[in-house]
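Residue-level listing of the chains:
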Amino acid sequence: MIIDFHTHIFPDAMADYAMKKLSESENEEYRAAATASALIENMGKAGIDKSVVLHVATKEHQHEDILKFAKEVDSERLISFGSVIPYSLSALEYVWKISDEGLKGIKLHPPLQRCDADDERIFPVYDLARALNLVVLFHAGWDPSYKEEERCTPAMLLKILRNFPGLKVVAAHLGGMHLAKEVYETLAGKADLYFDTAFTAAPWLDKNLFRSIIRRHGADKILFGSDYPWHLPQMELELIDSLGLSREEKNLILGKNAAALLDLTIE
């Protein structure tokens, strides 16, 4: 089983508009339509069995809309995460709702949500997520919309993990986009969290450093992710294939780790 732990889609009626606006803001080309049907079609082309679909709430009124859409697309093949704005007065309410709806996790994007990941004012969100056994996936590292900011660094993640042992944390983009050296020195092999591989088939990441992070942190803590529709799954799959990993390491990264984290049964 291959599980893509990092994908994005929107409701059909707004997908094209949303991606065009994001593409302009981030000065980045996207590779496919950000709809559920297009994602499933591309999963078929790449041999992906399941995908985790990540949503990001950036405005208060989006809490309910995103929860509704997340529940709508949650299915056998698409595993949908919810999202909360960490500073919102409604944050804890929606963490409960995400759990009550049977969703398995929460996506947080500190740059877009205008917060620092380790701000102690949002620690109650992590505490409740831990109590409800929800996965918390962070956009980690650099973000093209806010190039001068550092809202989720390896040091910040380490602070969160030390305060909330047992919290299921995934740091996207191999622990921090554009921060691979800092990830290697600060987090790899030193903290109990997962890294996903989303958007790592890109010039910002040196392949040798990528391999070194896997070796130090352990293949059992790496999750395959594409960042669809910004990258197609084939791009990250080809990168992983090029690293010279063992079959067991690749099996862990491509699906076994995700299945264990999400409590899925692999036949």
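Relevant structure appears above.
Below or above, wherever it landed, is the structure these notes cover. Within each chain, residue numbers correspond to sequence positions counted from 1 in written order. Per-residue local features are limited, in this predicted model, to residues with pLDDT of at least 70; the limit for side-chain atom pairs, both in listing and counting, is 80 or more; totals at the level of whole chains, interfaces and linings are taken over all residues. Note that the side-chain values use all heavy atoms of the structure and ignore hydrogens as well as water.

### Topic: the overall build of the chain
Only DSSP runs of H or I reaching four residues or more are called helices, and only runs of E reaching two or more are called strands; each is numbered from the N terminus. Within the chain one finds 11 helices and nine strands. Taken over C-alpha atoms, the radius of gyration is set against a globule rule of 2.2 Å times the number of residues to the power 0.38. Its C-alpha atoms give the chain a radius of gyration of 17 Å, within 12% of the compact-globule value 18 Å for 267 residues. Considering only C-alpha atoms, the chain reaches an extent of 45 × 40 × 40 Å along its principal axes. The cut-offs for exposure are 20% and 50% of the maximum accessible area for each residue type, with area from a 1.4 Å probe on protein chains only; residues under the lower value are buried, those over the upper are exposed, and the others partly exposed. The buried share of the chain, taken over its 267 residues, is 57%. Any pair of residues with heavy atoms lying within 4.5 Å of one another is described as a contacting pair. When contacts within the chain are restricted to residue pairs at least 6 apart in sequence, long-range pairs at least 24 apart make up 79% of them. In this tally Asp and Glu are treated as negative and Lys and Arg as positive; neither His nor the chain ends contributes. Every charge is mapped to an atom, namely NZ of Lys, CZ of Arg, CG of Asp or CD of Glu. Each charge sign in the chain was given a centre, from 30 positive and 41 negative side chains, and these centres are 3 Å apart.

### Points about the layout of surface pockets
One number sums up the size of the largest pocket: a volume of about 1,100 Å³. Only protein atoms enter the 1 Å grid, on which a cavity is a set of points fitting a 1.4 Å probe that cannot get out and a pocket is an open set with protein on both sides within 12 Å along at least 5 of 7 lines, lining residues being those with an atom within 4 Å of a point. Residue lining of the largest pocket: 44 residues in total, with F10, L22, V56, T58 and L112 positioned closest to the centre. Those elements that provide at least two residues to the lining of the largest pocket are α1 (12–26) and α3 (62–73). Here the element with the most residues in the lining of the largest pocket is α1; it accounts for eight residues. Among the residues forming the lining of the largest pocket, the class breakdown is 21 nonpolar, 13 polar and 10 charged. Grid points are joined across faces, edges and corners, and a volume is the space filled by probe spheres set on the points. Note on residue categories: nonpolar means Ala, Val, Leu, Ile, Met, Phe, Trp, Tyr, Cys or Pro, charged means Asp, Glu, Lys or Arg, and polar means any other residue, Gly included.

### Some points on the nonpolar core
For the purposes of this section, nonpolar cores are sets of buried Ala, Val, Leu, Ile, Met, Phe, Trp, Tyr and Cys residues that join through side-chain atoms within 4.5 Å. Y126, F138, L157, L193 and F195 are the most contacted members of the largest nonpolar core, which has 77 residues in total. The contact partners of L193, leaving out residues within four places of it in the chain, are L157, L161, V169, A171, L187, H217 and K221. Counting 16 residues, the second largest nonpolar core, distinct from the first, contains L223, A258, A259 and L261.

### Let's talk about the sheet that holds strand β1 (residues 3–7)
Sheet strands pair by backbone hydrogen bonding; their relative direction is either parallel or antiparallel. The three strands lie next to each other as β1-β2-β3, forming an open sheet whose pairing is parallel. In the strand order of this sheet, the two ends are held by β1 and β3 (78–80), each with one partner. Looking at each pair of strands side by side, their axes are set apart by 25° on average, direction ignored. Strands qualify as paired when DSSP identifies two bridges or more between them. Axis definition: a line fit to C-alpha positions, over the contact stretch in the case of helices; interaxial angles, taken between N-to-C directions, run 0 to 180 degrees.

### Quick word on the pairing of strand β7 (residues 168–171)
Both strand β6 (residues 135–138) and β7 contribute to a ladder of four bridges, which runs parallel. Each bridged residue has a counterpart across the sheet, and for V135 the counterpart in β7 is K168. Handedness rule for crossovers: strands pointing away from the viewer, path from the first strand over the helix to the second running clockwise, crossover right-handed. For the segment spanning β6, helix α7 (residues 154–163) and β7, crossover handedness is right-handed. Bridge count between β7 and strand β8 (residues 194–196): two bridges; the pairing is parallel. Bridge pairing in β8 places A171 opposite F195. Of the crossover connections in this fold, the one passing from β7 over helix α8 (residues 180–186) to the parallel β8 is right-handed.

### Here's the deal with the side chain of H173
With respect to the helices and strands, the residue H173 is situated in the loop between β7 and α8. Classification of H173 by relative accessible area gives buried; the value is 2%. Polar contact criterion, stated in full: a pair of N or O atoms within 3.5 Å, where within protein one must be able to donate a hydrogen and the other to accept it, and residues adjacent in sequence count only if both atoms are side-chain atoms. In this structure the side chain of H173 is engaged in a polar contact, spanning 2.9 Å, whose partner is the backbone oxygen of A198. Beyond its immediate sequence surroundings of up to four residues, H173 is in contact with H6, H139, A140, D196, A198, F199, T200, W204 and D227.

### Let's talk about the pairing of strand β2 (residues 50–53)
Residues K50 and V52 point to one face of β2 and S51 and V53 to the other, with burial holding for every one of them. Sheet topology places β1 next to β2; three bridges connect them, and they run parallel. By the bridge assignment, I3 is partnered in β2 with K50. Pairing geometry for β2 and β3, over three bridges, is parallel. Within β3, the residue paired with V53 across the bridge is S80.

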